[in-house]
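Residue-level structure breakdown
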Amino acid sequence: MMIFALAGGAAEAGTLRNGTWTPTGCGTEPTPPAINGSGRAAYEASVKEANAYQQAAKQYEDCYFNEAQADNHAIGGALSDHQHEVQARFDKLSADSKAAANRLNGKKD
């Protein structure tokens with residue numbers, strides 16, 4: 001599990017295991033019910049379960065998408081920040097090297 005700081009505070013990111021990403025804040029993915037055609041009452045009850053499943057699955061899917069988007073944003077931001085830090089270190093090394101070479105060669109900065 002990874003933790004990223006976002007503008008709104010700390011956020012728990014999804015998990016990545018063996019190349020499969022899963023959200024951590026969406027609960028358990030709903031399981032679709034079976035349609036029971038053994039009789040009218042059983043059928044009607046199973047249709048109600050199917051409708052409830054569709055609503056729960058939509059909520060889960062929305063959560064899944066939003067968490068994935070937040071993770072992508074956090075990872076992209078962390079990557080960009082890291083690249084800027086590395087570039088700043090390279091720039092400082094280059095400037096320090098140039099200044100030292102100039103001093104050794106009797107030149108003023």
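Since the structure is predicted, the reported quantities are computational estimates derived from the model, not experimental observations.

**Comments concerning the overall build of the protein**
- Of the regular secondary structure elements, the protein holds one helix and four strands.
- Element order for the protein, N to C, with α for helix and β for strand: β-β-β-β-α.
- For the protein, the residues scored as buried account for 15% of the 109 residues in total.
- In the protein, the proportion of contacts linking residues at least 24 apart, taken out of those at least 6 apart, comes to 44%.
- When the accessible surface of the protein is summed, it comes to about 8500 Å², and 54% of that surface belongs to carbon and sulfur atoms.

**Concerning the side chain of Asp71**
- With respect to the helices and strands, Asp71 occurs in helix H1 (residues 40-104).
- Look at Asp71: it is buried, it has no salt bridge, and the nearest opposite charge is Arg17 at 12 Å.
- At a separation of 3.1 Å, a polar atom in the side chain of Asp71 contacts the side chain of Trp21.

**Section: H1**
- If you check H1, its first and last C-alpha atoms are 95 Å apart, about what 65 residues at 1.5 Å a residue would give, namely 96 Å.
- What H1 keeps buried is the set Ser46, Ala50, Ala57, Tyr60, Glu67, Ala68, Asp71, Ala74, Ala99 and Asn102.
- Of the residues flanking the end of H1, it is Gly106, one or two places downstream, whose phi is positive at about 75°.

**Section: the state of the cysteines**
- Inspection of the entire model under this criterion finds one disulfide.
- Note on cysteine connectivity: Cys26 is disulfide-linked to Cys63, with sulfurs 2.1 Å apart. Here the disulfide of Cys26 and Cys63 is left-handed, its torsion about the S-S bond being about -90°. Pair noted here: Cys26 is in the loop between strand E4 (20-22) and H1 and Cys63 is in helix H1, with a separation of 37 residues, a long-range link.
- Under the relative-accessibility criterion, Cys26 is labelled buried at 14%.

**Focus: the pattern of salt bridges**
- One pass over the full model with this rule turns up three salt bridges.
- For Arg89, the salt bridge is made with Glu85, and the minimal N-O distance between the two is 3.8 Å. Remark: Glu85 and Arg89 occur in helix H1; sequence separation between them is four residues, near one turn of the helix.
- For Arg89, a relative accessible area of 48% gives the class partly exposed.
- One salt bridge in this structure joins Lys92 and Asp96, with 2.6 Å as the shortest N-O distance. Taken together, the positions of Lys92 and Asp96, both in helix H1 and four residues apart, correspond to about one turn of that helix.
- Residue Lys92 is classed as exposed on the basis of its relative accessible area of 51%.

Cut-off values and rules
Sequence positions are assigned chain by chain, starting from 1 and proceeding in written order. In keeping with the predicted nature of the model, local features appear solely for residues at pLDDT of at least 70, side-chain atom pairs appear and are counted solely at 80 or more, and the whole-chain, interface and lining totals rest on all residues. Hydrogens are left out, water is left out, and the side-chain values use all remaining heavy atoms of the structure. Comment: elements are numbered from the N terminus, with helices defined as DSSP H or I runs of at least four residues and strands as E runs of at least two. Exposed residues in this analysis have more than 50% of their type's maximum accessible area, buried residues have under 20%, and partly exposed residues fall in between, with area computed by a 1.4 Å probe over protein chains only. Should any heavy atoms of two residues lie within 4.5 Å, those residues are counted as being in contact. The protein chains shown are the only cover counted for residues, whose accessible areas, like all others here, come from Shrake-Rupley with a 1.4 Å probe. Charged residues are defined narrowly, with Lys and Arg counted positive, Asp and Glu counted negative, and His plus the chain ends left uncounted. When a carboxyl oxygen of Asp or Glu lies within 4 Å of a side-chain nitrogen of Lys or Arg, that pair is called a salt bridge. Throughout this description, a polar contact denotes any pair of N or O atoms lying within 3.5 Å of each other; where both atoms belong to protein, one of them has to be capable of donating a hydrogen while the other can accept it, and for residues adjacent in sequence the pair is counted only when both atoms sit in side chains. In a helix, the anticipated span is given by 1.5 Å times the number of residues less one. Throughout, a disulfide means two cysteine sulfur atoms within 2.5 Å of one another.

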